[in-house]
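Residue-level structure breakdown
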Amino acid sequence: LKIMVNKELFDLHIEEISKPITKLILKKLKSNLCIYEKECLVYVKDNLKSILKADNNQMKIYIEHFKNNFPKAIGNFNTEEKRWKRLYKILRKDIFEKEYSNWSSRTKYGTYTFVKKLDLKTCPYCNRNYTFIVDEESGKLRPEIDHFYPKSIYPFLAMSFYNLIPSCPIC
């Protein structure tokens with residue numbers, strides 16, 4: 001099922017998500033990092049809005065860029081945290097996972113606003129199960145947010161607009 005993009009939501013997402021991620025990156029750049037880690041974080045900061053706007057083809061290009069230039073920024077399935085490479089850990093835990101968690105609890109622009117404005121009635125994967133939200137006052141219930149490109153492998157794509165897929169819990 002094709003998800004119809006809401007231009008207003010798209011613009012809101014890019015604006016609201018780029019601010020806190022940029023702050024997290026700038027904070028991390030002030031810490032003790034090697035040149036390689038700094039180069040990667042500067043690259044992400046300088047290209048952040050483009051990364052957040054990336055469609056499927058552009059995400060593939062970013063994945064290739066990171067594989068070629070910053071391979072330590074990419075994770076593997078089921079790797080214990082103690083075995084994470086330092087750059088991957090910085091991107092995943094200190095920046096993108098932190099923002100993803102904060103996004104879930106925000107009231108101004110968070111996951112509830114995101115799924116509500118997308119206005120999906122059924123899961124885009126199976127087109128059978130309902131994906132609806134219940135108002136926070138009535139009880140928190142919203143669709144799961146799946147990542148087509150797993151955030152556990154590609155943390156730099158964790159908040160990319162087109163990588164956020166509201167889906168039913170089964171899918």
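One structure accompanies this document, and this report is about it. Numbering of residues starts from 1 in every chain and runs along the sequence as written. pLDDT decides what is reported in this predicted model: residues at 70 or higher carry local features, side-chain atom pairs at 80 or more are listed and counted, and totals for whole chains, interfaces and linings draw on all residues regardless. Based on all heavy atoms of the structure, the side-chain values leave hydrogens and waters out of the count.

Let us look at the overall build of the protein chain. Helix and strand counts for the protein chain come out as five helices and two strands. Listed by position from the N terminus, the elements making up the protein chain come as α-α-α-α-α-β-β. The C-alpha radius of gyration of the protein chain comes to 16 Å, within 12% of the 16 Å expected for a compact globule of 171 residues. Dimensions along the principal axes, computed over C-alpha positions, put the protein chain at roughly 45 × 30 × 30 Å. In this description, accessible areas are obtained by the Shrake-Rupley approach with a 1.4 Å probe, and a residue is regarded as covered only by the protein chains that are shown. Of the roughly 9800 Å² of accessible surface on the protein chain, 50% is carried by carbon and sulfur atoms. His is not counted, nor are the chain ends; Lys and Arg add positive charge and Asp and Glu add negative charge. Each charge is placed at NZ for Lys, CZ for Arg, CG for Asp and CD for Glu. Charge centroids of the protein chain, computed over 31 positive and 20 negative side chains, lie 4 Å from each other. Put simply, DSSP marks the helices as runs of H or I at least four residues long and the strands as runs of E at least two long, and each gets a number from the N terminus on. It is over C-alpha atoms that the radius of gyration is taken, and the globule rule equals 2.2 Å times the number of residues to the power 0.38.

Next up on the list: the packing of helix H1 (residues 7-29) against helix H5 (residues 111-118). Here an axis means a line fitted to C-alpha atoms, over the contact stretch when the element is a helix, while the angle between two N-to-C directions is reported on a 0 to 180 degree scale. Relative orientation of the contacting elements H1 and H5 amounts to 160°, with a least axis distance of 10 Å. Of the possible angle classes, the one that applies to H1 and H5 is roughly antiparallel. Judged by the sense of rotation from one axis to the other, the crossing of H1 with H5 is left-handed. Across the interface between the two elements, Glu8, Leu9, Leu12 and His13 of H1 pack against Thr113, Phe114, Lys117 and Leu118 of H5. To sort the angles, those under 35 degrees are grouped as roughly parallel, those over 145 as roughly antiparallel, those from 65 to 115 as roughly perpendicular, and the leftovers as oblique. Note on convention: near helix rotated counterclockwise from far helix by under a right angle means a left-handed crossing. Clockwise means right-handed. Residue contacts are counted whenever heavy atoms from the two residues lie within 4.5 Å of one another.

Let us now look at the nonpolar core. Residues belong to one nonpolar core when they are buried, are Ala, Val, Leu, Ile, Met, Phe, Trp, Tyr or Cys, and are joined through side-chain atoms within 4.5 Å. Burial classes follow relative accessibility: with a 1.4 Å probe on protein chains only, a residue under 20% of its type's maximum area counts as buried, one over 50% as exposed, and anything between as partly exposed. If you look at the biggest cluster of nonpolar residues, it comprises 45 residues, and the most contacted ones within it are Ile21, Val44, Phe66, Leu91, Ile95, Phe96 and Phe114. For this core, the secondary-structure elements that each account for two or more residues are H1, helix H2 (35-53), helix H3 (56-69), helix H4 (86-105) and H5. The element contributing the most residues to this core is H1, with eight residues. Setting aside its immediate chain neighbours within four residues, Phe66 contacts Cys40, Tyr43, Val44, Pro71, Ala73, Ile74 and Phe156.

What follows deals with the pairing of strand E2 (residues 164-167). Covered by surrounding structure in E2 are Leu164 and Pro166 together with Ile165 and Ser167, the residues of both alternating faces. Pairing of strand E1 (residues 144-147) with E2, which is carried by four bridges, proceeds in the antiparallel orientation. Bridge pairing links Asp146 to Ile165 in E2. Criterion used throughout: strands pair if DSSP finds at least two bridges between them.

This next bit is on the side chain of Glu16. For Glu16, the position within the fold is in helix H1. When its relative accessible area of 18% is taken as the criterion, Glu16 is described as buried. When near neighbours in sequence (up to four residues on either side) are disregarded, Glu16 contacts Lys108 and Tyr109.

This paragraph deals with the state of the cysteines. By disulfide we mean two sulfur atoms from cysteines, separated by a distance within 2.5 Å. Under the defined criterion, the tally for this structure stands at zero disulfides. For the unlinked cysteine Cys34, the closest cysteine sulfur is that of Cys40, found at 9.8 Å.

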